Each structure stands twice: as C-alpha cells, then as structure tokens.
Amino acid sequence: MKRNQITIANEQDRLTTASILVKNGYCVRTVKVRVTPTGKATKTVVEYWREDE
C-alpha cells in the first residue's frame, strides 16, 4: 500500500482536499512533518491511500 502526500499550507484547502479524497474512496489523514531536525518548524501534509491496494 503506497501512501502519497500533498503539502497544502491553508487549513481550509486541506479540509476540502481531504473531503474530496474521502468521497472518491481514499483513506485520508493529516500529519505534521518536521522540517528541521529539531522539530521546531513543522508542516502539515495530507496523506492518502486506498485500502484495496
């Protein structure tokens, strides 16, 4: 099962994208990813995949 990630800065855009993916049969979650090794800077990505793959 391959998990893909989309980086979207705006929270409302992330929610809209996640809802479209769910409606099309994908499993979706949002994840905070460290940008720096210390973890002080993070970015939020939308991770999605299909269960049947």
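Residues numbered from 1 in each chain as written. Predicted model: local features only at pLDDT ≥ 70, side-chain atom pairs only at ≥ 80, totals over all residues. Heavy atoms only, no water.

## Some thoughts on the sheet that holds strand S1 (residues 4–7)
Then, number 1: Strands sit in the order S1-S3-S2 across an open sheet of three strands; the sheet is antiparallel. Looking along the sheet, the strands with just one partner apiece sit at the ends: S1 and strand S2 (27–34). Each strand of the sheet is rotated relative to its neighbour by a mean of 35 degrees, with strand direction disregarded.
Then, number 2: Strand direction decides the pairing type here: S2 and strand S3 (residues 42–49), joined by eight bridges, are antiparallel. Within S3, the residue paired with Arg29 across the bridge is Glu47.
Then, number 3: Across the sheet, helix H1 (residues 11–23) lies against S1, S2 and S3, angled at about 10 degrees from S3, the strand it touches most. (Pairing = 2+ DSSP bridges. Helix = DSSP H or I, 4+ residues; strand = E, 2+ residues; numbered from the N terminus. Axes fitted to C-alpha atoms, helices over the stretch in contact; angles between N-to-C directions. Contact = heavy atoms within 4.5 Å.)

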